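Letter by letter, the chains look like this.
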Amino acid sequence: MARLEIEHLVKQYQAGYAVRDLSLDVADGEMVCLLGPSGCGKTTTLRVIGGFITPDSGDVRIDGHSVLRLPPERRPTAMVFQKYTLWPHMDVFHNVAFGLELRRRPRAEIEKAVKQVLDLVGLPGAEKRYPSQLSGGQQQRVALARALVIEPRILLLDEPFSGLDAQLRIRMREELTAIQRRVGITSVFVTHDQEEALSIADRIAVMRAGLIEQVATPDELYARPSTRFVATFIGTMNLLDAHVETDGIVVAGPFRIPLTEGVRSGSVESLAVGVRPEDFVLGPSGDGERAEILQVTNLGHYHRVVADVPSAGRVTVFTDKSQAVSVGPCGIRPRRALLYQGDRLVGVVEDLGAVSRV
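Definitions and cut-offs
Residues numbered from 1 in each chain as written. Predicted model: local features only at pLDDT ≥ 70, side-chain atom pairs only at ≥ 80, totals over all residues. Heavy atoms only, no water. Helix = DSSP H or I, 4+ residues; strand = E, 2+ residues; numbered from the N terminus. Buried < 20%, exposed > 50% of the residue type's maximum accessible area, 1.4 Å probe, protein only. Contact = heavy atoms within 4.5 Å. Areas by Shrake-Rupley, 256 points an atom, 1.4 Å probe, with all protein chains shown as cover. Lys, Arg positive; Asp, Glu negative; His and termini not counted. Charge placed at Lys NZ, Arg CZ, Asp CG, Glu CD. Phe/Tyr/Trp six-rings, centres within 6.5 Å; stacked < 30°, edge-to-face > 60°. Core = buried A, V, L, I, M, F, W, Y, C linked by side-chain atoms within 4.5 Å. Pairing = 2+ DSSP bridges. Axes fitted to C-alpha atoms, helices over the stretch in contact; angles between N-to-C directions. Expected span 1.5 Å × (residues − 1).

A. Quick peek at the overall build of the protein. Along the backbone of the protein there are eight helices and 21 strands. Seen along its three principal axes, the alpha-carbon backbone of the protein occupies a region of about 80 × 45 × 35 Å. Put simply, the protein has 358 residues, and 50% of those count as buried. Taking the intrachain contacts of the protein between residues at least 6 apart in sequence as the baseline, contacts between residues at least 24 apart amount to 65%. In the form shown here, the protein has an accessible surface area of approximately 17000 Å², with 49% of it arising from carbon and sulfur atoms. Looking at the protein, you have 42 positive and 44 negative side-chain charges, and the mean spots of the two groups are 5 Å apart.

B. View of the packing of aromatic side chains. If you walk through the whole model with that rule in mind, you get six aromatic pairs. Taken together, a centroid distance of 5.9 Å and an interplanar angle of 40° make the contact between phenylalanine 255 and phenylalanine 280 tilted. Of the two residues, phenylalanine 255 sits in strand β13 (residues 255-258) while phenylalanine 280 sits in strand β15 (residues 280-283), which places them 25 residues apart along the sequence. Just as phenylalanine 255 is buried, phenylalanine 280 falls in that class too.

C. How the structure looks around the nonpolar core. Ranked by size, the top nonpolar core spans 50 residues in total, and within it Val96, Leu144 and Val206 carry the most contacts. For this core, the leading source of residues is helix α4 (residues 136-148), giving six residues. Residues in contact with leucine 144, not counting those within four places in the same chain, are Val80, Val121, Leu155, Leu157, Leu176 and Ile179. Counting 27 residues, the second-largest nonpolar core is a separate cluster that includes Leu282, Ala291, Val317 and Ala337.

D. Examining the environment of leucine 239 more closely. Take leucine 239: it is sitting in strand β11 (residues 238-244). In this structure leucine 239 comes out as partly exposed when scored by relative accessible area, which is 31%. As for leucine 239 and arginine 105, which are separated by 134 residues in sequence, their C-alpha atoms are 58 Å apart. Those residues in contact with leucine 239 that lie beyond four places of it in its chain are Arg228, Thr232, Ala272, Val273, Gly274 and Tyr340.

E. Just unusual backbone geometry, in detail. In this structure, aspartate 63 takes a positive phi of about 50° despite not being glycine. Along the polypeptide, aspartate 63 turns up in the loop between β4 (57-62) and β5 (65-66). Not every positive phi belongs to a glycine, and glutamate 151 is a case in point at roughly 55°.

F. Focus on the sheet that holds strand β16 (residues 289-298). The strand order across the open sheet built from five strands is β15-β19-β16-β17-β18, with neighbouring strands paired in antiparallel fashion. Every interior strand has two partners, whereas the edge strands, β15 and β18 (313-320), have only one. Across the sheet, the mean angle separating the axes of adjacent strands is 45° when strand polarity is ignored. Strand direction decides the pairing type here: β16 and strand β19 (residues 328-334), joined by five bridges, are antiparallel. Within the sheet, the bridge partner assigned to glutamate 292 lies in β19 and is proline 329.

G. Highlighting α4. With 13 residues, α4 should cover 18 Å at 1.5 Å per step; its first-to-last C-alpha distance of 19 Å lies within 8% of that length. The buried fraction of α4 is high, at eleven of 13 residues. Listed as buried for α4 are Gly137, Gln139, Gln140, Arg141, Val142, Ala143, Leu144, Ala145, Arg146, Ala147 and Leu148. Taken together, the buried residues of α4 touch β6 (77-80), α2 (92-102), α3 (107-120), β7 (154-158) and α5 (166-183).

Structure, rendered in structure tokens:
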């Protein structure tokens, strides 16, 4: 397929920067998700790659060649939009074949290509049906088939599943991942749904205010978020205000965390300890620090617990469904902690074990 390189991309509007000095490499055959809140520059970046927006500066290269001067129809890219944008007066065959017909491909070649791609997306024999006769999921498959049939080297997807119901979204993610792996096409997927990004991406680029905060694999992003923003945007994170004691111990509420080399003990930057909900351990009173369970929500395969920890405030804890938990006093301790100084991750403390009271 192709390698995509985005170098120092800048796009500014009257209201401010949509993208600011953004650089990103996408390897041959890789699926990269641009993830972030609304207005962070995800779709602008995708549309610059596709040629629908001209950047103020920077470059977009495919296999080492700049494509900035090429119009969308001459770029080796294809986009699947959030809305299906199917021609309502055309049947499935002609919707899918449209790009090939514009390229004046032979009729026999078009028929063969359309059949193959409809088989690929799980719609064999649907050529004569019209969009109004299809479900939302089927229409999205047709939109994907229309993009794939022209054999692009880069596939661009702009929140293609946001209009589908929850169960169908999950199924479409799985099918898209299977198709992308089978075809081996380099892909850039835009979403604001962290679960979606974590489930389909080889790597995720988390964006904020036109900048990339962190690019990493889903596992690394969840385990070692490099900034406070990424820590709170990906999954659930308990951030506890902290300070360094004279004995070199980080103190967060009642918890004592060993100091890591990355923490500057004399710094005036704010210090925080981050603990994922599954990294808190609950036990009977006296096992760890004192806490009060305020709420227990049964979410099927796990419990979501809200507990009040003296001098630390309320924290969220995930416990296995096999563990009996109920409202009332308990003990609590962290088994893994992330240390943030200012906005940046400066240390990870693994295997904390039992924590003594301050």
